[in-house]
Amino acid sequence: MVFEDKMIMNGEPEEEEEEEEEEEEEEMVDPLETLRGKCEQTEHCVHARERLEACESRVGSRSETTEDCTEELFDFLHARDHCVAHKVFQSIK
C-alpha cells in the first residue's frame, strides 16, 4: 500500500510538468511560416497568386481540359520563397 501511495505521489508532479511542456509547445510559432505569410503580402507575390487563382478558376470552369496550373503554382512558390530566403536567417537566433 505504501508503494502505491509513493507511485501516485511521484506520478502527479510529472503529469503537471508534462502539461506545462505541452502548453509551452503550443505557444511556439514557426518563424518560416510567419515569414511566408508576410512575403505572400508583397506586390510580386500578390501578382503571382492572382495569376494562379485566375488559372485555377479557368481550369475549374472547363469540364475537359489538359491544362493545369503547374507553371503558375511554381511561379508563386518561387516568388514567395525568394522573398523568404532573404529574411529567414535574420530571424534565427
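As shown above, the structure is provided for reference.
Keep in mind the model is a prediction, meaning the values are calculated, not measured. (Residues numbered from 1 in each chain as written. Predicted model: local features only at pLDDT ≥ 70, side-chain atom pairs only at ≥ 80, totals over all residues. Heavy atoms only, no water.)

**Details of the packing of helix H3 (residues 43-61) against helix H4 (residues 70-87)**
Put simply, H3 and H4 touch, their axes get as near as 9 Å, and they point 160° apart. Here H3 lies roughly antiparallel to H4, going by the angle between them. Where H3 crosses over H4, the two elements pack in a sense that is left-handed. For the pair H3 and H4, the contacting residues are His-44, Cys-45, Ala-48, Arg-49, Arg-51, Leu-52, Cys-55 and Arg-58 in the first and Glu-72, Leu-73, Asp-75, Phe-76, Ala-79 and Arg-80 in the second. Split by residue class, the contact of H3 with H4 holds 7 nonpolar, 1 polar and 6 charged. (Axes fitted to C-alpha atoms, helices over the stretch in contact; angles between N-to-C directions. Helix = DSSP H or I, 4+ residues; strand = E, 2+ residues; numbered from the N terminus. Parallel < 35°, antiparallel > 145°, perpendicular 65-115°, else oblique. Left-handed = near helix turned anticlockwise from the far one by under 90°. Contact = heavy atoms within 4.5 Å. Nonpolar A, V, L, I, M, F, W, Y, C, P; charged D, E, K, R; others polar.)

**Here's the deal with the packing of helix H2 (residues 31-39) against H4**
Following both chains from N to C, one finds H2 and H4 inclined at 125°, their axes separated by 9 Å at the closest point. In terms of orientation, H2 lies oblique with respect to H4. The way H2 lies across H4 gives a crossing that is right-handed. Between H2, through Leu-32, Leu-35, Arg-36 and Cys-39, and H4, the contact on the second element is made entirely by Arg-80, Asp-81, Cys-83, Val-84 and Lys-87. Residues that form the contact of H2 with H4 fall into these classes: 5 nonpolar, no polar and 4 charged.

**Brief notes about the state of the cysteines**
Covalent bonding between the sulfur atoms of two cysteines is what defines a disulfide. Counted according to the given criterion, the structure contains 2 disulfides. Sequential numbering of the bridged cysteines in the protein chain gives the disulfide pattern 1-4, 2-3. No disulfide involves Cys-45; its sulfur sits 5.6 Å from that of Cys-83, the nearest cysteine. Residue classification places Cys-45 among the buried residues on the basis of a relative accessible area of 1%. (Disulfide = S-S within 2.5 Å. Buried < 20%, exposed > 50% of the residue type's maximum accessible area, 1.4 Å probe, protein only.)

**Remarks on the environment of Glu-71**
One can find Glu-71 in helix H4. Along the sequence, Glu-71 and Leu-52 sit 19 residues apart, while their C-alpha atoms lie 8.6 Å from each other.

**Notes on H4**
Think of an α-helix as 3.6 residues a turn; residues three or four steps apart then line up on the same face. Taking 1.5 Å as the rise per residue, H4 with 18 residues should run 26 Å; its terminal C-alpha atoms sit 26 Å apart, in good agreement. For H4, the secondary structure elements touched by its buried residues are H2 and H3. (Expected span 1.5 Å × (residues − 1).)

**With respect to the side chain of Glu-40**
Structurally, the position occupied by Glu-40 is in the loop between H2 and H3. A polar side-chain atom of Glu-40 sits 3.3 Å from a polar atom in the side chain of Arg-80. If near-sequence neighbours (up to four positions away) are discounted, Glu-40 is found in contact with Cys-45, Val-46, Arg-49, Phe-76 and Arg-80. (Polar contact = N/O pair within 3.5 Å; in protein donor to acceptor, adjacent residues only side chain to side chain.)

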